[in-house]
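Notes for the structure review
For reference, the chains in residue letters:
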Amino acid sequence: MAIASGITLVQGGIGRGKSTLLQLLAGTFTPQSGQLSIGDIYLDLQPDLYRQHVFNVDRYADAFDQMSVTEYVDALHHTYPKFNDALLPDLMEGFGLAPHLHKQLFMLSTGSKHKVFLAGALAAGAPVNILDNPFAGLDHASMDFLVQKLDNVAHSQQQAWIIVCDDLPDNIQLAARIDLGD
């Protein structure tokens, strides 16, 4: 299977393999057969380099909880060489995160923490970006902002966005759809 640039929607019923597919693409799980590659970078040969080309953060992860929002964003620079600082002011403002920059992530609501991870994805510059239920827990203003930002990347030739979402807004343009069944 090849994932095209732009936005690919992954759908399927409970237990159909959506999370497993995302973990495989992220390089967290090792495939039983076949190879995963991003361009000429193969997961089995260059796992660290492969993972630098994939942005994937579980919004429930606690690995970053002791970091402030600013420290988390700074840490992303070490993982993602194409991180774009110029996007941060707009992302922080658009997601309503400006008042929380000094707070540690564990101090944020689940929705605000999720917004921090979304801002990281949008600024990381990774060739492959994985978003699992990106609209869950967002207020309407943040949902609208995310739709606008996804619309901006929908035609990217340098990035693929793989999104698992049951309620994807109709106005998001898809490059492809993967249906894992009911």
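Refer to the structure above for everything that follows.
Residues numbered from 1 in each chain as written. Predicted model: local features only at pLDDT ≥ 70, side-chain atom pairs only at ≥ 80, totals over all residues. Heavy atoms only, no water.

With respect to the pattern of salt bridges
Taken as a whole and judged by the stated rule, the model has three salt bridges. Between Lys113 and Asp65 there is a salt bridge, with the nearest N and O atoms lying 2.6 Å from each other. One end of the pair, Lys113, is in helix α5 (residues 110-124); the other, Asp65, is in the loop between β4 (54-56) and α3 (69-79), and 48 residues separate them in sequence. Given a relative accessible area of 9%, Lys113 falls into the buried group. For Asp90, the salt bridge identified is with Lys149, shortest N-O distance 2.6 Å. Placement of Asp90 in helix α4 (residues 88-94) and of Lys149 in helix α6 (residues 140-153) is noted, with a sequence separation of 59 residues between them. With a relative accessible area of 13%, Lys149 lands in the buried category. (Salt bridge = Lys/Arg side-chain N within 4 Å of Asp/Glu carboxyl O. Helix = DSSP H or I, 4+ residues; strand = E, 2+ residues; numbered from the N terminus. Buried < 20%, exposed > 50% of the residue type's maximum accessible area, 1.4 Å probe, protein only.)

Structural notes on helix α1 (residues 18-26)
The complete set of buried residues in α1 reads Lys18, Leu21, Leu22, Leu25 and Ala26. Projection of α1 onto a plane perpendicular to its axis shows the buried side chains occupying an angular sector of 130 degrees, all on one side. On its buried face, α1 sits against β1 (6-11), α2 (47-52), β4, β5 (128-132) and β6 (160-164). (Arc of directions from axis to C-beta. Contact = heavy atoms within 4.5 Å.)

A closer look at the nonpolar core
Within the largest apolar cluster, 40 residues are counted, with the highest numbers of intra-cluster contacts made by Phe55, Tyr72, Phe95, Phe135, Leu146, Leu150 and Trp161. Broken down by element, this core gets its largest block of residues, eight residues, from α5. Ignoring sequence-local partners within four residues, the contact set of Phe55 consists of Tyr72, Leu76, Tyr80, Phe117, Gly120, Ala121, Ala124, Ala126, Val128, Asn129 and Ile130. The next biggest cluster of nonpolar side chains, apart from the first, holds 16 residues, and it includes Leu22, Ile41, Val54 and Val128. (Core = buried A, V, L, I, M, F, W, Y, C linked by side-chain atoms within 4.5 Å.)

With respect to the packing of aromatic side chains
To describe a pair of aromatic rings, you give the distance between the ring centres and the angle between the ring planes. Going through the model one piece at a time under the given rule, you end up with five aromatic pairs. A ring pair is formed by Tyr72 and Phe117, whose centres lie 5.3 Å apart and whose planes are at 65 degrees; its orientation type is edge-to-face. Within this pair, whereas Tyr72 is found in helix α3, its partner Phe117 is found in helix α5, the two being separated by 45 residues in sequence. Residue classification places Tyr72 among the buried positions, given a relative accessible area of 0%. With a centroid separation of 4.9 Å and an interplanar angle of 80 degrees, the aromatic rings of Phe95 and Phe145 are classed as edge-to-face. Remark: Phe145 occurs in helix α6 and Phe95 occurs in the loop between α4 and α5; sequence separation between them is 50 residues. (Phe/Tyr/Trp six-rings, centres within 6.5 Å; stacked < 30°, edge-to-face > 60°.)

Observations concerning the sheet that holds β1
The five strands lie next to each other as β4-β5-β6-β1-β7, forming an open sheet whose pairing is parallel. One side of each edge strand has no neighbouring strand; the edge strands of this open sheet are β4 and β7 (176-179). With strand direction ignored, the average angle separating the axes of adjacent strands in the sheet is 15 degrees. Examined bridge by bridge, β5 and β6 share five bridges and lie parallel to one another. By the bridge assignment for β6, Val128 is matched with Ala160. Each of β1, β4, β5 and β6 is contacted by α1, which is oriented at about 155 degrees to β5, the strand it contacts most. Along the sheet face, α5 touches β4, β5 and β6 and points at about 170 degrees away from the line of β4. (Pairing = 2+ DSSP bridges. Axes fitted to C-alpha atoms, helices over the stretch in contact; angles between N-to-C directions.)

Taken by themselves, the reported measurements are silent on function.
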